[in-house]
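Take a look at the letters that make up each chain.
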Amino acid sequence: QDKFAPLFDIDRTFVLIYNTKGMIKTLSRLALLAAGLLAFTACQQQRYTQKFPVYKGYKKAPYTLKGVRYYPLSVEDALYYKEDGIASFYEADGDPGAIGQRLYRHQFYAAHRTLPLPCVCRVTNLSNGRSCYVRVADRGPYIDGRLIDVSTRVARFLGFERKGLERVRVEVISVGDGPWKRTR
């Protein structure tokens with residue numbers, strides 16, 4: 001049987017109705033493929049889109065904690081910062097970070113010992129390739145061998161919430177907010 005059936009004739013022009021079962025099947029396959037592609041690209045990298053209050057200037061003064069002196073990087077050096085190390089996660093639900101911003105579990109935030117605050121970094125899980133952008137707005141971790149602490153939501157997104165620790169790559173994207181924002 002022909003897939004096309006004439007509906008009516010207007011001045012020798014035929015308007016055809018396509019076999020609707022085949023069209024629905026094709027459209028549903030295309031919709032499923034599009035949804036799969038969107039889900040795949042969304043998994044690869046989370047865009048930094050959260051709104052945070054603008055912090056005036058940079059927090060880059062040296063500080064001492066438990067007898068250890070820490071010297072944050074200059075803004076210029078931080079812009080080219082890229083390092084691999086161990087990430088852990090923590091939850092500061094509603095507690096203020098080092099720059100006074102309240103941190104909540106649903107946000108993409110992080111803590112680093114020596115990056116100027118605030119800054120935006122791309123954190124990539126080296127075991128599965130997933131990455132996301134985080135706002136570094138706190139100091140830490142103060143455990144030997146750890147490079148960065150991320151929020152619970154970031155750990156879940158990167159796929160290491162159950163493990164607790166993971167090898168990651170940290171790359172600075174920008175330093176500062178508003179008129180103080182600097183990028184490479």
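Placed above this text is the structure.
Note that this is a predicted model, so its numbers are computed, not measured.

Visitor: Teacher, can you tell me more about the overall build of the chain here?
Guide: Broken down by element type, the chain carries 3 helices and 14 strands. Counting across all 184 residues of the chain, residues that qualify as buried make up 36%. Of the contacts formed within the chain by residues at least 6 apart in sequence, a portion of 71% connects residues at least 24 apart. A total accessible area of about 11,400 Å² is found for the chain, and carbon and sulfur atoms account for 55% of it.

Visitor: Is there a simple way to explain the nonpolar core in this structure?
Guide: Generally speaking, a soluble globular protein has its nonpolar side chains buried in company with each other. Ranked by internal contacts, the top residues of the largest apolar core, which has 34 residues, are Cys 121, Val 134, Ile 148 and Val 170. Those elements giving two or more residues to this core turn out to be α2 (75-78), β6 (82-90), β9 (109-111), β10 (119-125), β11 (131-138), β12 (146-151), α3 (152-158) and β13 (166-175). Sequence-distant contacts of Val 170, that is, excluding residues within four places in its chain, are made with Tyr 81, Lys 82, Glu 83, Cys 121, Arg 122, Val 123, Leu 147 and Ile 148.

Visitor: Before we go on, may I ask you to explain unusual backbone geometry in this structure?
Guide: Working note: non-glycine residues mostly have negative phi, and peptide bonds are mostly trans. With omega at -10°, the peptide bond leading from Leu 117 into Pro 118 counts as cis. A cis amide bond, omega -10°, links Gly 140 with the succeeding residue Pro 141. Among the secondary structure elements, Pro 141 is positioned in the loop between β11 and β12. One non-glycine residue, Lys 66, adopts positive backbone phi at about 50°. Checked against the element boundaries, Lys 66 lands in the loop between β4 (63-65) and β5 (68-70).

Visitor: Help me understand the environment of Pro 116, please; the structure alone is not making it clear to me.
Guide: On the secondary structure map, Pro 116 appears in the loop between β9 and β10. Look at Pro 116 and you get buried, because its relative accessible area is 0%. As a C-alpha pair, Pro 116 and Leu 79 span 37 residues in sequence and 9.8 Å in three-dimensional space. Among residues more than four places away in sequence, those in contact with Pro 116 are Lys 59, Lys 60, Leu 73, Ser 74, Val 75, Ala 78, Arg 139 and Val 175.

Visitor: When you look at the packing of aromatic side chains in this model, what are you seeing that I'm missing?
Guide: Any pair of aromatic rings gets described here by the distance separating the centres and the angle formed by the planes. Inspection of every chain in the model, using the stated rule, returns 5 aromatic pairs. Centre to centre, the rings of Tyr 63 and Tyr 70 are 5.1 Å apart; their planes meet at 20°, and the pair counts as stacked. Arranged with centres 6.4 Å apart and planes meeting at 65°, the rings of Phe 89 and Phe 160 form a pair that is edge-to-face. Taken together, the positions of Phe 89 in strand β6 and Phe 160 in the loop between α3 and β13 put the pair 71 residues apart, joining distant regions of the chain. Stacked on the ring of Phe 157, the Lys or Arg Arg 130 has its end atom at 4.5 Å from the ring centre.

Visitor: Teacher, can you tell me more about the pattern of salt bridges here?
Guide: Side-chain pairs of opposite charge can arise where the charged atoms are in close proximity. Taken as a whole, this structure holds 8 salt bridges when the rule is applied. Between Arg 182 and Glu 76 there is a salt bridge, and its shortest N-O distance comes to 3.3 Å. Remark: Glu 76 occurs in helix α2 and Arg 182 occurs in strand β14 (residues 182-183); sequence separation between them is 106 residues. On the basis of relative accessibility, which here comes to 34%, the residue Arg 182 falls in the partly exposed class.

Visitor: Is there a simple way to explain the environment of Ile 99 in this structure?
Guide: Within the secondary structure layout, Ile 99 lies in the loop between β7 (95-96) and β8 (102-103). Owing to a relative accessible area of 12%, Ile 99 belongs among the buried residues under this scheme. Taking C-alpha positions, Ile 99 is 7.3 Å from Lys 59, a pair spaced 40 residues apart along the chain.

Calculation rules
Residues numbered from 1 in each chain as written. Predicted model: local features only at pLDDT ≥ 70, side-chain atom pairs only at ≥ 80, totals over all residues. Heavy atoms only, no water. Helix = DSSP H or I, 4+ residues; strand = E, 2+ residues; numbered from the N terminus. Buried < 20%, exposed > 50% of the residue type's maximum accessible area, 1.4 Å probe, protein only. Contact = heavy atoms within 4.5 Å. Areas by Shrake-Rupley, 256 points an atom, 1.4 Å probe, with all protein chains shown as cover. Core = buried A, V, L, I, M, F, W, Y, C linked by side-chain atoms within 4.5 Å. Phe/Tyr/Trp six-rings, centres within 6.5 Å; stacked < 30°, edge-to-face > 60°. Lys NZ or Arg CZ within 6 Å of the ring centre and 35° of its normal. Salt bridge = Lys/Arg side-chain N within 4 Å of Asp/Glu carboxyl O.

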